[in-house]
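Architecture at a glance
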Amino acid sequence: MSGKITAALEVLGTEWHVTLCFCDAEKLGKFRTSSKEKAGIVVGVEYWERVDLTVLIIRSSFANERHGYYKSLGYTYAYDFIPHATVGKGDLVNQYLSYIGRKIVLGNEYARTF
């Protein structure tokens, strides 16, 4: 049986998340995720025209570590991994510039197949 898998860290205190993997999944099953919470920092705001979304670019060794965990299990990401949180559809960069330099907390990691 095959399908898709995605895993993410929540940006605590928001409805946002940082996607750690999203790909086809030949290996459907259960595996442990992390209950850790660690800080990151917003280092930029970008409008990604290709998908018509505005994202906060996040510097987080924790997000990179957790992405590496999923990669080691064979789960990948279709693009270069850039830790980011999608904040809305369309070009909203000016509305989120004040977030640059803000500390955020990542945690409540989850994975799901569908």
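First, a word on scope: everything that follows refers to the structure included in this document. Bear in mind the structure is a predicted one, so any value in this text is a computation, not a measurement.

1. Structural notes on the sheet that holds strand β3 (residues 38-48)
Reading across from one edge, β2-β1-β6-β3-β4-β5 is the order of the 6 strands in this open sheet, with antiparallel pairing throughout. Of all the strands in the sheet, the pair left with one neighbour each is β2 (17-25) and β5 (84-89). Ignoring which end each strand starts from, the neighbouring axes of this sheet average 35° apart. Across 8 bridges, strand β1 (residues 3-11) lies against β2 in antiparallel orientation. Residue threonine 6 lies in a different strand from β2, and its bridge partner there is phenylalanine 22.

2. Side note on the side chain of serine 34
Relative to the helices and strands, serine 34 resides in the loop between β2 and β3. Separated by 3.0 Å, the side chain of serine 34 and the backbone nitrogen of lysine 36 make a polar contact. Ignoring sequence-local partners within four residues, the contact set of serine 34 consists of Phe62, Arg66 and Glu109.

3. Observations concerning the nonpolar core
Val11, Trp16, Leu56, Tyr75, Tyr96 and Leu106 are the most contacted members of the largest nonpolar core, which has 26 residues in total. Broken down by secondary-structure element, the contributors of at least two residues to this core are β1, β2, β3, β4 (53-59), α1 (61-72), β5, α2 (93-96) and β6 (103-113). Per-element tally for this core: the top contributor is β2, with 5 residues. In contact with leucine 56, other than residues within four places in its own chain, are Trp16, Val42, Gly44, Val45, Pro83, His84, Ala85, Val87, Tyr96 and Tyr99.

4. Quick notes on α1
The first and last C-alpha atoms of α1 sit 16 Å apart over 12 residues, in line with the 16 Å expected at 1.5 Å per residue. Within the sequence span of α1, burial applies to Phe62, Ala63, Arg66, His67 and Tyr70. Angular distribution of buried residues about the axis of α1 spans 135°; they occupy a single face of the element. What points out from α1, more than 90 degrees from its buried face, is the exposed set Ser61, Lys71 and Ser72. Lining the buried residues of α1 we find β1, β2, β3 and β6. Positive phi shows up at glycine 74, right after α1, with a value of about 100°.

The rules behind the values
Residues numbered from 1 in each chain as written. Predicted model: local features only at pLDDT ≥ 70, side-chain atom pairs only at ≥ 80, totals over all residues. Heavy atoms only, no water. Pairing = 2+ DSSP bridges. Helix = DSSP H or I, 4+ residues; strand = E, 2+ residues; numbered from the N terminus. Axes fitted to C-alpha atoms, helices over the stretch in contact; angles between N-to-C directions. Polar contact = N/O pair within 3.5 Å; in protein donor to acceptor, adjacent residues only side chain to side chain. Contact = heavy atoms within 4.5 Å. Core = buried A, V, L, I, M, F, W, Y, C linked by side-chain atoms within 4.5 Å. Buried < 20%, exposed > 50% of the residue type's maximum accessible area, 1.4 Å probe, protein only. Expected span 1.5 Å × (residues − 1). Arc of directions from axis to C-beta.

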